Amino acid sequence: MHVNIYQGLLLLSKILQISAEQCTSGTFRINPDKRNVKLRGFAYRTFENISPRACFQKCIRRTRCHSYNYNRASLRCELNNLKPMYVSEGDLQNESGYVYVEVHHYRGDPHFDPCVGNPCNDGEVCESLKNEKVVCILDDCKTPDEEFQNVALGKMCRQSSTWRNEHAGLAVDGLTNTSHHTEQDQAPYWWVDLGQIYNIMRIEVINRFTSGFRLHDLAIAVGIHLDDMSIFAHYTGPAADNEHLVFQRSRYTDGRYIKLTITKGPEMLHVSEVNVMAYPVC
């Protein structure tokens, strides 16, 4: 009797294990368009610690979302607002652990799209009610189209060294009659932490009011982490006193950190103000 009970429990355990495996394998059957890459610069909203299916649902329920990046290790979901027909290889960045998925393959398919027959406007998300009806509600993420703000103002900064008392924060104090100032370093740098990820449209550097010629061979890098930066712009120079330099790309770049480095030293790095024109990624 004991042997039969043990065998029965073992059989039941195997059945439950098979059922669990079937449920797991059948949970998400979307085929990624690209593996180990992500679309960078078009994310307008992120979600943390959600499943692959949940990420897919977040995108397909939003008319504005055309594709998404999903990181299988960190469970990070990034919704993109760029239509797939405009994606070029230059927009895709190699990133281990990520998959890139375009949702236009699945729109209108009732097996995948819960919003079939209930199209929502841009800026809305369709939600399913308990009675299986679908309603459109305003998305809680509002992204302005043209109204960008200087998101660097007053944020935390650091620099490679400090000359006298001209500390890093003077470059984001909103005043053009002050400036941060490093010692004469081999590759002097300054960086600012914006506090969260932003869609960066434009970076402006207002040069120091004296000795402006020291601003040359300037590399401006943007990244989500300080150890994961990419070049946003490069300026050869030299710049003039009080010169207002504007660096802008044709599309926005997502990032949290901005770093300025003079690549040909030894030199001193000192600018009056750094403005980062952007709006937040929700």
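Residues numbered from 1 in each chain as written. Predicted model: local features only at pLDDT ≥ 70, side-chain atom pairs only at ≥ 80, totals over all residues. Heavy atoms only, no water.

Rule in force here: UniProt positions are given in the numbering used here, feature names are shortened, and annotations may be inferred rather than shown by experiment.
The protein chain goes by Apple domain-containing protein in an unreviewed UniProt entry, where it is assigned to Mytilus edulis. The record held by UniProt for the protein chain lists under Subunit (unreviewed entry) the comment "Homotrimer." A UniProt comment under Function (unreviewed entry) is attached to the protein chain, and it reads "Acts as a defensive agent. Recognizes blood group fucosylated oligosaccharides including A, B, H and Lewis B-type antigens. Does not recognize Lewis A antigen and has low affinity for monovalent haptens."

### Points about unusual backbone geometry
Where we set the bar: Starting at the N terminus, helices and strands are each numbered in turn, a helix being any DSSP run of H or I of at least four residues and a strand any DSSP run of E of at least two. Relative accessibility decides the category of a residue: with a 1.4 Å probe and only protein chains considered, values under 20% of the type maximum give buried, values over 50% give exposed, and everything between is partly exposed.
Look at the link from G237 to P238: it is a cis peptide, with omega at 5°. Structurally, the position occupied by P238 is in the loop between β12 (228–235) and β13 (244–262). Backbone torsion omega between G265 and P266 reads 5°, so that peptide bond is classified as cis. One can find P266 in the loop between β13 and β14 (271–280). Look at N49: it is not a glycine, yet its phi comes out positive at around 55°. Within the fold, N49 resides in the loop between β2 (43–47) and α2 (52–60). Its relative accessible area of 62% is what places N49 among the exposed residues. With a phi angle near 60°, L75 is a residue other than glycine that sits in the positive phi range. The residue L75 is located in the loop between β3 (67–71) and β4 (76–80) in this model. By relative accessible area, L75 is classed as partly exposed at 32%.

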